[in-house]
Amino acid sequence: MLDHEQVAIHTGRRSRLPVIVAVHSTALGPAAGGLRLWHYADWRDGLTDALRLSAAMTSKFAVAGLSNGGGKAVVALPQGMELGAGRRHDVLCDAAEVIASLDGAYATGPDVGTGPADMAVIGKSTPHVFCKPTELGGSGDSSPHTAQGTLAALRAVSRRLYGTTSLDGRTLAVIGLGRVGAGLARLLAAEGAALTVTDIDPGKRKVSEELGAVWQSPEEITAADVDIVVPAALGSVLTRQTVAELRCRAVVGPANNQLATPDVADLLHQRDILWVPDFVAGAGGVIHAISTELHHIGADDARARVDAIEDTVDNLLDTAQRRGQTPAQAASELARRRLRAAAGPTGSPTTPLRFRAAEPCDAENMALLHADNWRRHYRGAYSDAFLDGDVVADRRSVWSLRLSDPSGSATVVAEDDTELAGFVHVVFDEDGHWGSLIDNLHLVEHRQRMGLGTALLSRAAQAVAERASGSALYLWVLEQNTAAQEFYRALGGTCVERAPVSPPAVYRPGSPVPLPSSASPGPTPRCSRRARDGEAYRQPGGARHDPRRG
């Protein structure tokens with residue numbers, strides 16, 4: 001418990017059952033996690049579950065870039081206890097009472113044994129709850145969004161293994177046909193995947209029959225000869241024994257705590273089986289619920305956050321490959337960096353950032369960051385050959401040229417003692433109508449969703465106010481870059497124009513050859529609003545890129 005900020009253990013005054021709430025971290029923001037009603041041989045096993053699951057939630061939120069920390073609530077039911085309606089209501093009221101006592105440090109949602117209707121009961125006593133029924137203004141059942149996020153992760157893995165995001169014709173073994181597993185199986189069947197499925201409940205065979213899937217026993221399915229195994233039930237499915245039996249190329253699924261022990265991730269890596277950490281692949285439900293109910297963003301933006309799991313997985317796999325790590329190590333390292341960057345023990349920033357005008361000597365680090373951002377967000381828009389090969393040299397040439405002659409523009413970098421954290425580049429009076437162009441804004445991944453982008457844009461707006469003929473700002477963003485669109489929309493931007501664009505033209509030997517027109521990034525909205533009082537207003541849209549613009 002020593003790595004948790006606080007752990008509340010109460011005997012419910014109505015139910016007389018152990019109510020446990022573990023708050024692992026609030027460094028990124030208030031903690032959140034599910035309420036689990038489950039049977040345990042000893043209540044201390046429930047405590048162990050709460051501690052383990054709350055730490056996993058911290059990693060889940062950090063990797064997803066959300067401003068929340070990890071927590072978990074567990075009510076430990078004795079073996080064999082059945083909760084009648086009255087006793088269940090007492091349990092939920094007891095849980096609500098403990099959550100309310102934490103004064104907003106933790107918000108709860110559904111988990112094993114609970115659902116939206118239970119959140120409605122808890123919501124009568126505390127506002128720190130999510131996934132209430134839709135008729136009560138909540139986001140309802142989170143399982144469809146968990147399934148959708150897992151599908152996004154599977155697409156990224158399919159691209160890595162087979163060169164395409166399509167799952168048509170791929171063979172997958174889905175372990176568990178609960179709300180998430182059954183929903184995911186239906187999505188996969190609709191994609192054209194060939195399914196083998198199982199569940200400990202024989203009654204779930206009807207789902208198998210509905211989908212035309214092969215039914216296999218829970219004991220045998222991990223050894224199925226398939227492309228990808230998809231754990232979608234309770235945890236610890238990946239043991240030293242089951243990993244030795246695997247005949248797949250990847251394991252990707254929404255089940256929590258899939259590894260029986262941490263070293264199993266290394267065994268998977270040794271067998272060249274790609275494993276996407278469960279706290280990444282299964283994050284869609286909580287991302288959607290937190291975004292809509294606690295962050296109060298619109299449904300479209302929340303869905304974009306869920307779909308962005310594909311980009312997250314792409315980036316983690318790229319990072320793991322470059323560094324010779326497992327995806328689990330890359331994900332854990334990313335989570336640790338974001339937590340370290342967010343706050344120290346007292347909640348203050350650990351490494352205050354400095355802002356200054358860019359200098360020619362910054363070109364190399366800026367090129368590396370620029371290339372990393374393109375690799376994470378522009379897959380499918382620019383050729384893999386360019387992104388994986390020439391892009392750093394290309395961007396190095398661009399930034400060396402720009403910084404050697406900065407007239408008519410301003411470039412501001414943010415840094416601490418260890419790294420270049422981000423930069424923004426603005427071209428003054430680029431357009432007679434729309435004003436100055438925010439031509440680049442790039443942040444290192446673990447600094448995103450922490451206010452740095454807004455701070456850099458504010459400095460760009462200040463430079464425009466001081467040196468440009470007018471205060472208007474605009475920018476272009478690739479239509480596929482949904483994360484950037486969400487960011488600019490949240491800051492008040494408005495889409496004012498769309499235009500087709502091509503990948504970077506030939507700029508120097510080795511630069512990317514434009515893709516065929518059918519592979520063009522597509523329509524790109526121009527975003528614009530006026531800059532007032534030193535604040536930058538911008539909007540998402542497509543990106544107009546040429547060799548000198550990025």
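Residues numbered from 1 in each chain as written. Predicted model: local features only at pLDDT ≥ 70, side-chain atom pairs only at ≥ 80, totals over all residues. Heavy atoms only, no water.

**A look at the overall build of the protein**
Heads up, the condition is: For helices the rule is a DSSP run of H or I covering at least 4 residues; for strands it is a run of E covering at least 2, with both sets numbered from the N terminus onward. The cut-offs for exposure are 20% and 50% of the maximum accessible area for each residue type, with area from a 1.4 Å probe on protein chains only; residues under the lower value are buried, those over the upper are exposed, and the others partly exposed. Contacts are assigned to residue pairs with any non-hydrogen atoms lying within 4.5 Å of each other. Computed with a 1.4 Å probe, the accessible areas rest on the Shrake-Rupley method; for each residue, only the protein chains presented here act as cover.
Each helix and strand counted, the protein has 17 helices and 18 strands in total. Burial status across the protein gives 57% buried among its 550 residues. Looking at the protein alone, contacts between residues at least 24 apart form 66% of all its contacts between residues at least 6 apart. Approximately 22,300 Å² of the protein is accessible, and the part contributed by carbon and sulfur atoms is 50%.

**Some words on the sheet that holds strand 9 (residues 228–231)**
This is how it is decided: Being paired, for any two strands, means DSSP has found at least two bridges between them.
In space, the 6 strands of this open sheet follow the order 8-7-6-9-10-11, with parallel pairing throughout. The outermost strands of the open sheet, each flanked by one partner alone, are strand 8 (214–215) and strand 11 (274–275). Judged from the 2 bridges that link them, strand 9 and strand 10 (residues 250–251) form a sheet pairing that is parallel. Counterpart to I228 in the pairing with strand 10 is A250.

**Brief notes about unusual backbone geometry**
The phi angle at R16 is positive, at roughly 65 degrees, despite the residue not being glycine. With respect to the helices and strands, R16 occurs in the loop between strand 1 (6–11) and strand 2 (18–23). Overall, R16 belongs to the exposed group, its relative accessible area being 55%. Even without being glycine, D103 reaches a positive phi, approximately 55 degrees. Mapped onto the fold, D103 is located in the loop between helix 2 (85–101) and strand 5 (106–110). Taking relative accessible area as the criterion, D103 reaches 70% and is therefore assigned exposed.

**Considerations on empty space enclosed by the protein**
Any space left empty among the atoms is revealed by the rolling of a water-sized probe across them. Applicable threshold: In this analysis a 1.4 Å probe is tested at points of a 1 Å grid over the protein atoms alone, and where it fits but cannot get out there is a cavity; an open set with protein on both sides within 12 Å along at least five of seven lines is a pocket; lining residues have an atom within 4 Å of a point. Grid points are joined across faces, edges and corners, and a volume is the space filled by probe spheres set on the points. For this classification, Asp, Glu, Lys and Arg are treated as charged, while Ala, Val, Leu, Ile, Met, Phe, Trp, Tyr, Cys and Pro are nonpolar and the rest, including Gly, are polar.
By the definition in use, this model includes 2 cavities of 30 Å³ or more. Its boundaries defined by the atoms lining it, the largest cavity holds a volume of some 70 Å³. Residue lining of the largest cavity: L53, A56, M57, K60, K72, N256, N257, D278 and F279, and that is the complete set. Among the secondary structure elements, those contributing two or more residues to the lining of the largest cavity are helix 1 (43–64) and helix 9 (278–281). Looking at the lining of the largest cavity element by element, the count peaks at 4 residues for helix 1. The residue makeup of the lining of the largest cavity, split by class, is 4 nonpolar, 2 polar and 3 charged. Space inside the second largest cavity adds up to approximately 40 Å³. Lining the second largest cavity are A265, L268, H269, I273, L274, W275, T326, P327 and A328. Contributions of two or more residues to the lining of the second largest cavity are made by helix 8 (264–270), strand 11 and helix 13 (327–342). Top element by residues in the lining of the second largest cavity is helix 8. It accounts for 3 residues. Of the residues that constitute the lining of the second largest cavity, the class distribution is 7 nonpolar, 2 polar and no charged.

**Regarding the environment of M57**
Tracing the sequence through the fold places M57 in helix 1. Sequence-wise, M57 and N68 are 11 residues apart; in three dimensions their C-alpha atoms are separated by 9.1 Å. Beyond its immediate stretch of four places on either side in the chain, M57 contacts A32, G33, G70, G71, K72 and V286.

**Details of the packing of aromatic side chains**
Cut-off, in case you're wondering: Stacked, edge-to-face and tilted are the three classes for Phe, Tyr and Trp ring pairs, Trp counted by its six-membered ring, which pair at centre distances within 6.5 Å; planes under 30 degrees apart are stacked, over 60 edge-to-face, the rest tilted.
For the structure shown, the criterion picks out 3 aromatic pairs. For the ring pair W399 and F423, a centre distance of 5.1 Å and an interplane angle of 80 degrees mean the geometry is edge-to-face. Of this pair, W399 sits in helix 15 (residues 384–404) while F423 sits in strand 14 (residues 420–431), and the two are 24 residues apart along the sequence. Take W399 and F423: they sit in the same class, and that class is buried.

**Overview of the packing of helix 4 (residues 143–162) against helix 11 (residues 299–307)**
Filter applied, for reference: An axis is simply a line fitted to the C-alpha atoms; with a helix, the fit covers only the stretch in contact. Between two such axes, the angle follows the N-to-C directions and lies from 0 to 180 degrees. Working rule for angles: under 35 degrees goes down as roughly parallel, over 145 as roughly antiparallel, 65 to 115 as roughly perpendicular, anything else as oblique.
At a closest axis distance of 8 Å, the pairing of helix 4 and helix 11 adopts a crossing angle of 45 degrees. The orientation of helix 4 with respect to helix 11, classified from their angle, is oblique. Between helix 4 and helix 11, the residues in contact are H145, Q148, G149 and A152 and R303, V306 and D307, respectively. Considering only residue class, the contact of helix 4 with helix 11 consists of 2 nonpolar, 3 polar and 2 charged.

**Describing the pattern of salt bridges**
Quick note on the threshold: The rule for a salt bridge is simple: a side-chain nitrogen of Lys or Arg has to be within 4 Å of a carboxyl oxygen of Asp or Glu.
Tallied over the full model, the rule gives 31 salt bridges. We note a salt bridge from D49 to R52, for which the minimum N-O separation is 2.1 Å. One end of the pair is D49 and the other is R52, both in helix 1 and 3 residues apart, which spans about a single turn. According to the relative accessible area criterion, D49 is buried, its value standing at 8%. Taking the relative accessible area as the measure of exposure, R52 reaches 38% and is therefore partly exposed. A salt bridge links R396 to E364, with the nearest nitrogen and oxygen atoms 2.6 Å apart.

**Some words on the confidence of the model for the protein**
Filter applied, for reference: A residue's pLDDT is the confidence the predictor assigns to it, expressed on a 0 to 100 scale.
Summary statistics for the protein give a mean pLDDT of 86 and a share of 89% for residues scoring 70 or more. Across residues 344–350 the pLDDT falls below 50, and counting only partners more than four positions away or on other chains, this stretch makes 6 contacts in the model. Below pLDDT 50 for its whole length, residues 505–525 participates in 66 contacts with residues either more than four positions away or in separate chains.

**Focus: the pairing of strand 13 (residues 409–415)**
In terms of residue burial, strand 13 counts as a mostly covered element, since 7 of its 7 residues are buried. Alignment of strand 12 (residues 354–357) against strand 13, held across 4 bridges, turns out to be antiparallel. Residue pairing for strand 13: F355 is matched across the bridge by A414. Relative to strand 14, strand 13 runs antiparallel, the two being bridged by 7 bridges. The residue bridging V412 from the neighbouring strand is V424, located in strand 14. The loop that links strand 13 with its antiparallel partner strand 14 comprises 4 residues.

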